[in-house]
Amino acid sequence: MAHDHSHQHTHGSNKKALAISLIIITVYMVVEAAGGFLTNSLALISDAGHILGIGLLAFTLGEKTANFSKTYGYKRLEILAAVFNGGTLLFISIYIFFEAYRRFSEPPEVASTGMLIIAIIGLLVNILVAWILMRGNTEENLNLKAAFIHVIGDLLGSVGAVAAALCIMFFGWSWADPLASILVALLVLISGWRITLDAVHILMEGTPQNIQMEAIIQIFEQTDQIEKVHDLHVWSITSGQNALSCHAVVNGDLTISETQEILQQIEHQLNHEGIGHVTIQLESLSTPHEDALLCLIETPHKHQHQ
């Protein structure tokens, strides 16, 4: 129960951090995008791409309670939002590459003074938003992590825009604007790719990155009266909510109280390993079952041919 309360508190703080960031970013995004078009600066336009609203929507919908149709609730919406954010980052980076290439060939005139002012304001805004998001749980929550990495990319983009504006003002280097945009696009491309891979890993029921399977297996092996474990699965329901299911073979007939004691002991240790949702089926040595540690799921078609 304490673990659930901690998760709810973390979830609430993450949502609050994302909401505050969204308000600040939305207001400034309009200003920066308009400024980018008015000053003809690609660096400012590329720095104005924010999609934190999708993340906030996912947090809100993810709070809906579980029902017979969605027995895990709507927590996976946070992961789907991360996929969308990551994919959008990839799309934005590709667009910036093409536009920068065109501007290298035909450098447009850029209003460097206005560009510098807007870029400095953008730098300060991104620093503020990054600080707000850092106060949330960016390590465990993939949705918040996607937003944080996006803002860090925008922060670096603001630095590049400031440098480009200064180069144009003092040296007349018109190519500095598309060059800064390409550097931002590279950062956005890398970030978007990593976020997308992490989100797809969760959707594929992959083992959470913060879970050491060897340590999990050792917990069962070191538990008295447990001979072996098989059909072991560890996955994430959503960021920060890990689950486990398995079959554990015991070496004797156990009373109900003994069974409960073993289960509570294992659940307690697994909770310390970052797994809060545990389902364990206890079996006796006489129970026939496949001994594979990981469950090998066969299709009906394959089974018929055997």
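The structure we're discussing is the one just above.
First, a word on what this report is: a plain description of the structure on this page. (Residues numbered from 1 in each chain as written. Predicted model: local features only at pLDDT ≥ 70, side-chain atom pairs only at ≥ 80, totals over all residues. Heavy atoms only, no water.)

1. Here's the deal with the pattern of salt bridges
Move 1: Evaluated as defined, the whole model comprises three salt bridges.
Move 2: Close ionic contact of R102 with E99 constitutes a salt bridge, the shortest N to O distance being 2.5 Å. Highlighted residues: R102 and E99, both in helix α4 (residues 76-105), separated by three residues, approximately one helical turn.
Move 3: When the shortest N-O distance is used, the salt bridge between E99 and R103 registers 3.3 Å. Linking E99 with R103, this pair stays in helix α4, spanning four residues, or about one helical turn.
Move 4: Note on E99: relative accessible area 14%, which makes it buried.
Move 5: It is possible to trace a salt-bridge network through shared partners that takes in E99, R102, R103 and D177. (Salt bridge = Lys/Arg side-chain N within 4 Å of Asp/Glu carboxyl O. Helix = DSSP H or I, 4+ residues; strand = E, 2+ residues; numbered from the N terminus. Buried < 20%, exposed > 50% of the residue type's maximum accessible area, 1.4 Å probe, protein only.)

2. Quick look at the environment of A34
Move 1: Looking at the secondary structure, you find A34 in helix α1 (residues 2-39).
Move 2: Taking C-alpha positions, A34 is 8.2 Å from I45, a pair spaced eleven residues apart along the chain.

3. So, the sheet that holds strand β1 (residues 226-238)
The pairing of strands in a sheet happens through backbone hydrogen bonds and is either parallel or antiparallel.
Move 1: Across the sheet, three strands lie side by side as β1-β2-β3; this open sheet has mixed pairing. The outermost strands of the open sheet, each flanked by one partner alone, are β1 and β3 (277-284). Averaged over all pairs of adjacent strands, the angle between strand axes in this sheet comes to 10°, irrespective of strand direction.
Move 2: Taken strand by strand, helix α8 (residues 213-221) contacts β1, β2 (241-250) and β3, and its axis lies near 140° from that of β1. (Pairing = 2+ DSSP bridges. Axes fitted to C-alpha atoms, helices over the stretch in contact; angles between N-to-C directions. Contact = heavy atoms within 4.5 Å.)

4. Brief notes about the packing of aromatic side chains
Move 1: Counted by the stated rule, this structure contains two aromatic pairs.
Move 2: An angle of 20° between the planes, with centres 4.7 Å apart, marks the rings of F171 and W173 as stacked.
Move 3: Residue W173 is classed as partly exposed on the basis of its relative accessible area, which comes to 35%.
Move 4: Between the aromatic rings of W173 and W175, the centroid separation amounts to 5.2 Å while the plane-to-plane angle is 15°, which identifies the pairing as stacked. (Phe/Tyr/Trp six-rings, centres within 6.5 Å; stacked < 30°, edge-to-face > 60°.)

5. Considering the nonpolar core
Move 1: The biggest cluster of nonpolar side chains holds 26 residues, and the ones touching the most others in it are L44, M115, V129, L133 and A161.
Move 2: Broken down by secondary-structure element, the contributors of at least two residues to this core are α1, α2 (42-47), α5 (112-134), α6 (142-171) and α7 (176-203).
Move 3: Among all residues touching M115, those that are not within four sequence positions of it are T39, S41, A43, L44, V110, A161, A164, A165, I168 and D177.
Move 4: Counting residues in each nonpolar core, the second largest holds 20 residues, with V229, I262, I266 and I280 among its members. (Core = buried A, V, L, I, M, F, W, Y, C linked by side-chain atoms within 4.5 Å.)

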